[in-house]
Amino acid sequence: MSRRIKIFFVCFAVSIFFFWGINVFSQDLEDFLFDFYYKPLLAQSSLIDFVNQANDEQETEENDVPVFEIEAKSAISVKINSKGEQEILFEKDPDAVLPIASLSKLMTAWVVFQYPEYYELSDSILISEEALEKNENFGVKENEEISLETLLYSMLVESSNYSAYAIAENLGSKEEHLTPKERVEAFIYLMNLEAKENLKLENTDFINCTGLDDGSPYSLKNQSTARDLAQLSWFILSEHPEIFDASIKPSYPVSNIYNEHIYLATNKNQLIGQLSNVVGGKTGWTYMAGGCIVLIQKNESNECFIHVILGTDSQESRFSEAKKLAQHVYQP
């Protein structure tokens, strides 16, 4: 065999092993790159797709759940258990300071019960011309004598303004030589004293005992917050529950001290009888304050639910929004 042929076969054999080695190496390299580079990328891509899919499904589920809203400027709902522990169930701008209209009369009643040295339920109250100017008087005449207890019922059941003013005009004993106007001013001072100093309702202020305003956006008004009013309601429930007991009577006959019937005071709270276990409430309305309401329920576990609505756009909507809130959070 010639030298050239031997060299050819040797080179051929070497080339076979060389190309075989390259193929093996390239396969190992491909496996290596797949395991250490491509495979993690594929796994990461799958994980991202999985997370994105899960998020999409969660968003879809959340979008299917209707958002609960209250059409009012401010609202709060608080649950208070038998130990006095409080839990906020719903709130919407609860610290917004707003005019409160006749919800003011809750503090008017509080002052009467908080100062027994100045008031007794059997007191005879003389109705003045100034008191009768505060609103419709349902046939009550000037110098009519009506008991304090009857005026309280009239004020809390039908939100009578003349009753609130007459109560303030008769603060203190007859021996104290004060004018009716001075007595009213002293009464309003006590309302603010109770609010600020004794009850620590920091965002609550009173300029009158009725809640009436003059319709001007620039004038002072009785003002508070939903949170403060919820706290005031809890103080009333704890110390003077008779205030709320009176507030849920459907009606009350108003007579003078001679037992002569004058008219029937009718409750303006449409939710009494519509909702279960209502134990208290108070309505309010002026053009500046809008619709306002405090509503209180109590369940079989002796838990109280205090609902406050401020600033609805109509008298009717204060009831519909309060009912919606109560049905949303109340636990029998």
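Residues numbered from 1 in each chain as written. Predicted model: local features only at pLDDT ≥ 70, side-chain atom pairs only at ≥ 80, totals over all residues. Heavy atoms only, no water.

Visitor: Looking at this structure, I do not really get the overall build of the chain. What am I missing?
Guide: Each helix and strand in the chain was counted, giving nine helices and eleven strands. Burial status across the chain gives 43% buried among its 332 residues. Within the chain, counting contacts between residues at least 6 apart in sequence, those at least 24 apart form 63% of the total. (Helix = DSSP H or I, 4+ residues; strand = E, 2+ residues; numbered from the N terminus. Buried < 20%, exposed > 50% of the residue type's maximum accessible area, 1.4 Å probe, protein only. Contact = heavy atoms within 4.5 Å.)

Visitor: How should the layout of surface pockets be read in this particular structure?
Guide: Any space left empty among the atoms is revealed by the rolling of a water-sized probe across them. Considering only enclosed or pocket space, the largest pocket measures out at about 290 Å³ in volume. As for the largest pocket, its lining consists of 18 residues, and the residues nearest its centre are Ser 102, Asn 161, Leu 212, Trp 285 and Thr 286. When contributions to the lining of the largest pocket are tallied by element, the ones reaching two or more residues are strand S9 (278-286) and helix H9 (315-329). Tallying contributions element by element places S9 first for the lining of the largest pocket, with four residues. (1 Å grid on protein atoms, 1.4 Å probe; cavity = no way out; pocket = protein on both sides within 12 Å on 5 of 7 lines; lining within 4 Å. Points joined across faces, edges and corners; volume = space filled by probe spheres on them.)

Visitor: Can you help me understand the packing of helix H4 (residues 148-158) against helix H5 (residues 161-169) in this one?
Guide: In a pair of packed helices, the angle between the axes and the distance between the axes together describe the arrangement. Running from amino to carboxyl end, H4 crosses H5 at an angle of 140°, the nearest separation of the two axes being 8 Å. Comparing their axes, H5 and H4 come out oblique. In this structure, H4 meets H5 at a crossing whose hand is left-handed. Judged by residue contacts, Leu 148, Leu 151, Leu 152, Ser 154 and Met 155 of H4 engage Tyr 162, Ser 163, Ala 164, Ala 166 and Ile 167 from H5. Its residues assigned to classes, the contact of H4 with H5 comprises eight nonpolar, two polar and no charged. (Axes fitted to C-alpha atoms, helices over the stretch in contact; angles between N-to-C directions. Parallel < 35°, antiparallel > 145°, perpendicular 65-115°, else oblique. Left-handed = near helix turned anticlockwise from the far one by under 90°. Nonpolar A, V, L, I, M, F, W, Y, C, P; charged D, E, K, R; others polar.)

Visitor: I would appreciate a short explanation of unusual backbone geometry in the present structure.
Guide: It is generally the case that most residues other than glycine have a negative phi and that most peptide bonds are trans. Positive phi outside glycine occurs at Asp 93, with the angle close to 45°. Within the element layout of this structure, Asp 93 appears in the loop between strand S2 (86-92) and strand S3 (98-99). We note that Asn 277 has phi near 55°; this positive angle belongs to a residue other than glycine. Assignment of secondary structure puts Asn 277 in the loop between strand S8 (261-266) and S9.

Visitor: Can you help me understand a negative patch on the surface in this one?
Guide: Residues Glu 129, Glu 130, Glu 133 and Glu 142 make up a contiguous surface patch of negative charge. Within the secondary structure layout, Glu 129 lies in helix H3 (residues 129-132). A residue is classified by how much of its surface remains accessible, and Glu 129, at 42% relative accessible area, is partly exposed. (Patch = residues over 30% accessible without salt bridge, like charges linked within 9 Å, V, L, I, M, F, W, Y side chains within 5 Å. Areas by Shrake-Rupley, 256 points an atom, 1.4 Å probe, with all protein chains shown as cover. Salt bridge = Lys/Arg side-chain N within 4 Å of Asp/Glu carboxyl O. Lys, Arg positive; Asp, Glu negative; His and termini not counted. Charge placed at Lys NZ, Arg CZ, Asp CG, Glu CD.)

Visitor: Would you mind showing me how to read the sheet that holds strand S10 (residues 290-298) here?
Guide: Pairing is antiparallel in the open sheet, where five strands are placed in the order S2-S1-S11-S10-S9. Strands at the two margins of the open sheet, each flanked by one partner only, are S2 and S9. Sheet twist, expressed as the mean angle between neighbouring strand axes with direction ignored, is 10°. Pairing of strand S1 (residues 74-80) with strand S11 (residues 304-312), which is carried by seven bridges, proceeds in the antiparallel orientation. (Pairing = 2+ DSSP bridges.)

Visitor: Looking at this structure, how should I read the pattern of salt bridges?
Guide: A side chain with one charge can pair with a side chain of the opposite charge if their charged atoms come near. In this structure the tally under the stated criterion is five salt bridges. Put simply, Glu 321 and Lys 324 hold a salt bridge, and the shortest N to O gap is 3.1 Å. You can see Glu 321 and its partner Lys 324 sitting in helix H9, three residues apart, about one turn around the helix. The structure contains a network of salt bridges with shared partners spanning Glu 91, Asp 95 and Arg 227.

Visitor: Can you help me understand the side chain of Asn 299 in this one?
Guide: Locating Asn 299 in the fold gives a position in the loop between S10 and S11. The exposure class of Asn 299 is buried, given its relative accessible area of 7%. Reaching out from Asn 299, the side chain makes a polar contact with the backbone nitrogen of Ser 301 at a distance of 3.0 Å. For Asn 299, the side chain forms a polar contact with the main-chain oxygen of Gln 331, separated by 2.8 Å. (Polar contact = N/O pair within 3.5 Å; in protein donor to acceptor, adjacent residues only side chain to side chain.)

Visitor: Explanation requested: the nonpolar core in the structure shown.
Guide: Inside soluble globular proteins, nonpolar side chains tend to come together where they are buried. Counting 68 residues, the largest nonpolar core has Met 107, Ile 127, Tyr 162, Ile 167, Phe 187, Val 308 and Leu 310 as its most contacted members. Every residue in contact with Ile 167, bar those within four places of it in the chain, is listed here: Val 112, Tyr 119, Leu 148, Leu 151, Leu 152, Met 155 and Phe 187. (Core = buried A, V, L, I, M, F, W, Y, C linked by side-chain atoms within 4.5 Å.)

Visitor: When you look at empty space enclosed by the protein in this model, what are you seeing that I'm missing?
Guide: Applying the stated criterion across every chain, the model contains one cavity of 30 Å³ or more. Roughly 40 Å³ of volume is contained in the largest cavity. In terms of lining residues, the largest cavity is bounded by Leu 156, Val 157, Ser 247, Asn 267, Lys 268, Asn 269, Gly 281, Lys 282 and Thr 283. Secondary structure elements with two or more residues in the lining of the largest cavity: H4 and S9. Here the element with the most residues in the lining of the largest cavity is S9; it accounts for three residues. Its residues assigned to classes, the lining of the largest cavity comprises two nonpolar, five polar and two charged.

Visitor: Got a minute to help me understand the packing of aromatic side chains in this structure?
Guide: Describing an aromatic ring pair means giving the distance of the ring centres and the angle of the ring planes. Summed over all chains, the structure comprises seven aromatic pairs. On the basis of an interplanar angle of 15° and a centroid distance of 5.9 Å, the ring pair of Tyr 115 and Tyr 118 is categorised as stacked. Here Tyr 118 falls in the partly exposed class, since its relative accessible area comes to 32%. Centre to centre, the rings of Phe 138 and Tyr 263 are 4.8 Å apart; their planes meet at 20°, and the pair counts as stacked. Pair noted here: Phe 138 is in the loop between H3 and strand S5 (145-147) and Tyr 263 is in strand S8, with a separation of 125 residues, a long-range link. (Phe/Tyr/Trp six-rings, centres within 6.5 Å; stacked < 30°, edge-to-face > 60°.)

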